[in-house]
Amino acid sequence: MVSTSTEHFRAYKPRPFMRDEREHVTILFGGLHWRAERIIQASLDRLGYRTEILPTATREDLLAGRALADIGQCCPTSFTTGNLANFLRDRAKESSAEQVAENYVYFTAGSCGSCRFGQYHQSYELALRNSGLETFRMFLLAQSGLDQGAVEGGGLELNLPFTLGAVWAVLVSDIVQDLEYQTRPYEVVPGETDRVVEECVDYLCEVFRDAPVPGGKVGAAAWYLSTGYFVKALREVHRRFRAVRLDRLRVKPIVKITGEFYLQTVEGEPNYNIHRWLEAEGAEVYPAAITIWLDYLMRLACQELEDHIGLNRNARSNLMLLKSAQWLLRKNYQRMRRALDDVPHALPCQKELRELAAPWYHSRLTGGEGDMLVGKTLWAYKRNKAHMICELSPYACMPNTMSIGAMAGVLGRHPEILYAPLEIKGDAEVHALSRCQMVLTEARRRAQTEFEEVLEQTGLDLDTARERLEALPEAASAGWPVPQRGATGTAANMVLHLADTRYRRSAAAEVKPAPKPARLEPAVSVPVSFDYGGMCAPCIPCRPCVPEPRPSS
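Residues numbered from 1 in each chain as written. Predicted model: local features only at pLDDT ≥ 70, side-chain atom pairs only at ≥ 80, totals over all residues. Heavy atoms only, no water.

**Q** Report on the nonpolar core, specifying residues and quantitative values.
**A** In terms of nonpolar packing, the biggest core is built from 87 residues, with L156, W168, F230 and L234 touching the most fellow members. It is helix α6 (residues 160–183) that provides the largest number of residues to this core, a total of 12 residues. Of the residues that make up this core, three or more belong to each of domain 1 (19–158) and domain 2 (164–454). When neighbours within four sequence positions are excluded, W168 is seen to be in contact with F208, Y224, L225, F230, N332 and M336. (Core = buried A, V, L, I, M, F, W, Y, C linked by side-chain atoms within 4.5 Å. Buried < 20%, exposed > 50% of the residue type's maximum accessible area, 1.4 Å probe, protein only. Helix = DSSP H or I, 4+ residues; strand = E, 2+ residues; numbered from the N terminus. Domains from an automatic or database assignment. Contact = heavy atoms within 4.5 Å.)

This is how it looks when you write it as structure tokens:
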């Protein structure tokens, strides 16, 4: 007779991380794009933590994650699980598993709900146990709060200086990433954008390391929300980008990246290097900002509080506080955009995204990116933000499968949308990229057709447009914002602006200039009949303004 024993399930509980261990224990983290990781690391360095960024996951990490945990899990889980396990096993070979468990801890975000993101830590635990590293410590930062106190032992304090520093690092890195992807496809000197971005990230890391550390909850919140410290740093970033020379008359389709959070954010093998691949195929990439995800999480929290008004006596006051915090987040992002002359893209309005997606996806289905995938697709289409949508969906991801199903209804209503849903398995690169290539071919054709129609509409040819571009030397700078004239592509909007600018200048040359007004206000426009279609006048392309009245002839 064989005797059996039953081992009951026990939730993972790490050993305490003591405060006096900070000097020799290194905190591991990763899973974002490299700019955000490095600036977050600098923000944590100034608080006295020892940190190390995990390398970008590779195909070997994917296979290790499948072997050590659950082969049926979604590919982001496999990538991140195998990435952590392989890193620790390599360190254990240099010393021992016991020393690795003593000298390293892992810090990551946690969640709950229908997405497997809520079970990532269980996959990590299983993989570490199967690797002989069951004593290794992991700590989770819940997405639902900024001030979560210290972990057991006090070695890691998830307070406002910690979380607000990380959030501001994300805001700054999103701004730099957006500017980078608008610059590189049009650079005159290949490689110059990458060089400037490296310099700017190094500079911003020093800025964060040297930033003051405000004390207390109120002090930290007040300093981050009111300081001009980071805005001043971004002005220096803008100054460096202005030196990069561009040729914005190159016709390129704009491809908006959406999808599961990890796959749309990381840059490397987990998403088949999709950002660089699209650029190599002649596209301009519109990246997915992490800040939009933060804005979305705050919107979900507001929705939950709205549902509890009348049931919870504090729901209404908490809702007002949370909406104020959301407004402050967006306001600070806009301040940072303004420091770069509004070149980086603005954040889409969460209310608009929810309303656009509502006929096809319920806003209370909150797994993964929820209704944002449908909302961002329709937003990009209706507002002429992109020629094509590339959605990165992990294999076996339940929320993204629902989003793709909802998109079938959207495409039935709007068949003209160029939509490429790529199922990312991690080991099927040729299949995914070939599918994207088919849609990208049509996007290139549309961008070229749009450009030719704009040339015909304005009565210009390419040579004439280049002559006028040379007469506007500021337009060749990466720090100069291309006015949005109703077209989608950068080259098409550039031609519309050149035609408009030439018309206004020739008209102004025939009219005696009006006397300078006493107050510091923009001069009155020359009374010529021209309809700007509700867009900003070419004399003020970098600031949102009230549309100019259409003068009578």
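**Q** Quick rundown of the side chain of K252? Include the residues and the values.
**A** Secondary-structure assignment places K252 in the loop between α9 (229–242) and β7 (254–259). One buried charged residue, K252, forms no salt bridge at all, with the nearest opposite charge on E284 at 8.4 Å. Setting aside residues up to four positions removed in sequence, K252 forms contacts with P185, Y186, G282, A283, E284, H387 and A447. (Lys, Arg positive; Asp, Glu negative; His and termini not counted. Salt bridge = Lys/Arg side-chain N within 4 Å of Asp/Glu carboxyl O.)

**Q** Describe helix α16 (residues 398–413), listing the residues and the values that go with them.
**A** Residues spaced three or four apart along an α-helix point in a common direction, a consequence of the helix completing one turn every 3.6 residues. For α16, built from 16 residues, the straight-helix expectation of 22 Å at 1.5 Å per residue is met to within 8% by its first-to-last C-alpha distance of 24 Å. Those residues of α16 not exposed but buried are P399, N400, S403, A406, M407 and V410. Looking down the long axis of α16, one finds its buried residues gathered within 120° of arc, a one-sided arrangement. Those residues of α16 that are exposed and angled more than 90 degrees off the buried face are T401, A408 and G412. (Expected span 1.5 Å × (residues − 1). Arc of directions from axis to C-beta.)

**Q** Give me the lowdown on empty space enclosed by the protein, citing residues and values where you can.
**A** Under the definition given, this model contains 3 cavities of 30 Å³ or more. Each pocket or cavity is described by its volume, and for the largest cavity that value is around 80 Å³. Lining the largest cavity are 13 residues, with D178, Y286, P287, A289 and Y333 sitting closest to its centre. Ranked by residues supplied to the lining of the largest cavity, first place goes to α6 with 3 residues. (1 Å grid on protein atoms, 1.4 Å probe; cavity = no way out; pocket = protein on both sides within 12 Å on 5 of 7 lines; lining within 4 Å. Points joined across faces, edges and corners; volume = space filled by probe spheres on them.)

**Q** How would you sum up the packing of helix α7 (residues 192–209) against α9? Please name residues and give values.
**A** Interaxial distance between α7 and α9 falls to 10 Å at its minimum, and their mutual angle equals 160°. Between α7 and α9, the crossing angle belongs to the class labelled roughly antiparallel. Once α7 is placed against α9, the crossing between them reads as right-handed. Each of V196, V197, E199, C200, Y203, L204, V207 and F208 in α7 lies in contact with α9, whose residues at this interface are Y229, F230, A233, E236, V237, R240 and F241. Here the contact of α7 with α9 is composed, by residue class, of 12 nonpolar, no polar and 3 charged. (Axes fitted to C-alpha atoms, helices over the stretch in contact; angles between N-to-C directions. Parallel < 35°, antiparallel > 145°, perpendicular 65-115°, else oblique. Left-handed = near helix turned anticlockwise from the far one by under 90°. Nonpolar A, V, L, I, M, F, W, Y, C, P; charged D, E, K, R; others polar.)

**Q** An account of the confidence of the model for the chain is needed here, citing residue identities and associated values.
**A** Here the chain averages 85 in pLDDT, and 84% of its residues register 70 or above. Per-element confidence in the chain ranges from a low mean pLDDT of 65 for strand β5 (residues 149–150) to a high of 98 for strand β8 (residues 284–286). This model gives residues 503–553 a pLDDT under 50, and the stretch forms 51 contacts once residues within four places in sequence are excluded. (pLDDT = per-residue confidence, 0-100.)

**Q** Break down unusual backbone geometry for me, citing the residues and quoting the values.
**A** Negative phi values dominate among residues other than glycine, just as trans dominates among peptide bonds. The backbone of D342 sits at a positive phi, close to 60°, despite the residue not being glycine. Here D342 is to be found in the loop between α13 (315–339) and α14 (350–357). The class for D342 is buried, based on a relative accessible area of 11%. The backbone phi angle of N384 is positive, close to 55°, even though this residue is not glycine. Tracing the backbone shows N384 in the loop between α15 (372–382) and β9 (388–394). Exposure remark for N384: the relative accessible area of 31% places this residue in the partly exposed category.

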